[in-house]
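So the chains spell out like this:
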Amino acid sequence: MNNLSAIEKIQENYNHLSPTEKRLADYVLKNSQKAIEYTVKDLAEASNVSEAAVVRMCQHIGFKGYWPFRMSLAKEVDKHQKNTVDTETENGLQGIFKRYSANMLNIADNIDVETVSKCVKLLRDCDQVHLIASGNTAPIVEHMGFRLGRLGVRNTFSGVADYYMNQINLAGVNDIVFAVSQSGSTKSVLDGVTLARQKGLKIIAITAYKNSKLGELADYVLESKGDFSRFDFYKNYSHLCEMAVAEAMLDLLTADEKTRAIVQEKSTDMLEIFTDMKL
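Here goes a summary of the coordinates provided. (Residues numbered from 1 in each chain as written. Predicted model: local features only at pLDDT ≥ 70, side-chain atom pairs only at ≥ 80, totals over all residues. Heavy atoms only, no water.)

## Description of the nonpolar core
Among soluble globular proteins, nonpolar side chains are generally buried collectively. Val129, Met144, Phe178, Ile204, Leu222 and Met249 are the most contacted members of the largest nonpolar core, which totals 30 residues. Elements represented by at least two residues in this core include exactly α8 (113-125), β1 (129-132), α9 (138-150), β3 (176-180), β4 (202-207), β5 (220-223) and α13 (240-255). The dominant element in this core, judged by the number of residues it contributes, is α13, at six residues. If we skip the residues at most four places from it in the chain, Val129 touches Leu123, Leu148, Val153, Arg154, Asn155, Thr156, Ile176 and Phe178. Core analysis: the second largest hydrophobic core is formed by 26 residues, Tyr27, Val40, Phe63 and Val77 among them. (Core = buried A, V, L, I, M, F, W, Y, C linked by side-chain atoms within 4.5 Å. Buried < 20%, exposed > 50% of the residue type's maximum accessible area, 1.4 Å probe, protein only. Helix = DSSP H or I, 4+ residues; strand = E, 2+ residues; numbered from the N terminus. Contact = heavy atoms within 4.5 Å.)

Structural data, given as structure tokens:
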């Protein structure tokens, strides 16, 4: 925890903050550039909380007081701005791909390998997997549904809440739910996961914030946080990291010996059917 930046500490401890402290945290996450210029009084007025609440939040997330928090935040903002400039000036397109590469390496260093292995086994052995997402995250579950289908894993997928809520409601005891939400706070996805818990279904989640509400509800969390200096908490439209985690897990499933045996058996059955049809 001591090595985490101010933003990271807010994200790690967010669910343990009081409602007032969460309001302050939300303001800092959305307005980091402004916050580094504020005194305790300025930040309290801007976020509509008391000065005591500012100090309490700083202490609750691991700082001795407001000034150490502000110094950490300022350092992180400066680093983020430098990284942005470097990306824009370092050979243009090459700089962007280098940032992508760094994000992938961050994910690889932080994702729990044992959890991924358990998820692969769940996907392989379940009766059916219900893939759920919302908004611009929906294409990820559509792609996952296609790949799982090619591996013989029965699945449903949708970004429409009414559809996947119905599928989860009709799910069997050996079905699982796989939810994707970068923020981990998408209401419609949380509604689907909550229903899945009520039915006693196992839940896998891909999210950038493992301590989010989705992370709390899921049985297995695959963390997709690749950029540790992120300041577009509410405006990040890229889901490259979530797709990368999904692809890695699907590649492991594809390489699994039992999965390959199942695919081979089904391919043989299909070949015999087509042969009989020709005869």
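## Quick word on α9
Under the 1.5 Å per step criterion, the end-to-end length of α9 is 19 Å for 13 residues, consistent within 8% with the ideal 18 Å. For α9, every residue scored as buried is listed here: Ala138, Ile140, Val141, Met144, Gly145, Arg147 and Leu148. On its buried face, α9 is in contact with β1, β2 (155-158), β3 and α13. Within two residues after α9, Gly152 carries a phi angle of roughly 85°, on the positive side. (Expected span 1.5 Å × (residues − 1).)

## Details of the sheet that holds β2
Strand order in this open sheet of five strands is β2-β1-β3-β4-β5, and the pairing throughout is parallel. Both outer strands of the open sheet, β2 and β5, are each paired with one neighbouring strand and no more. Strand-to-strand twist of the sheet, defined as the mean angle between neighbouring strand axes without regard to direction, takes the value 15°. Both β1 and β2 contribute to a ladder of four bridges, which runs parallel. The residue of β2 that forms the bridge with Leu131 is Phe157. The strands that α9 touches are β1, β2 and β3; relative to β2, the one it contacts most, it runs at about 165°. (Pairing = 2+ DSSP bridges. Axes fitted to C-alpha atoms, helices over the stretch in contact; angles between N-to-C directions.)

## What to know about the packing of aromatic side chains
The description of two aromatic rings rests on the distance between their centres and on the angle between their planes. Evaluated as defined, the whole model comprises five aromatic pairs. Relative to Tyr38, the ring of Tyr27 lies with its centre 6.5 Å away and its plane at 20°, an arrangement referred to as stacked. Remark: Tyr38 occurs in the loop between α3 (32-35) and α4 (40-47) and Tyr27 occurs in helix α2 (residues 19-30); sequence separation between them is 11 residues. Using a relative accessible area of 15% as the deciding quantity, one classes Tyr27 as buried. Judged by centre distance (5.7 Å) and plane angle (85°), the ring pair of Phe97 and Tyr100 falls under edge-to-face. Taken together, the residues Phe97 and Tyr100, both in helix α7 (residues 93-110) and three residues apart, mark about one turn of the helix. Its relative accessible area of 30% is what places Tyr100 among the partly exposed residues. Among the aromatic residues, those joined into a ring-pair cluster are Phe63, Tyr66, Trp67 and Phe69. Of note, Lys9 hangs over the ring of Phe63, and the distance from its end group to the ring centre comes to 4.2 Å. (Phe/Tyr/Trp six-rings, centres within 6.5 Å; stacked < 30°, edge-to-face > 60°. Lys NZ or Arg CZ within 6 Å of the ring centre and 35° of its normal.)

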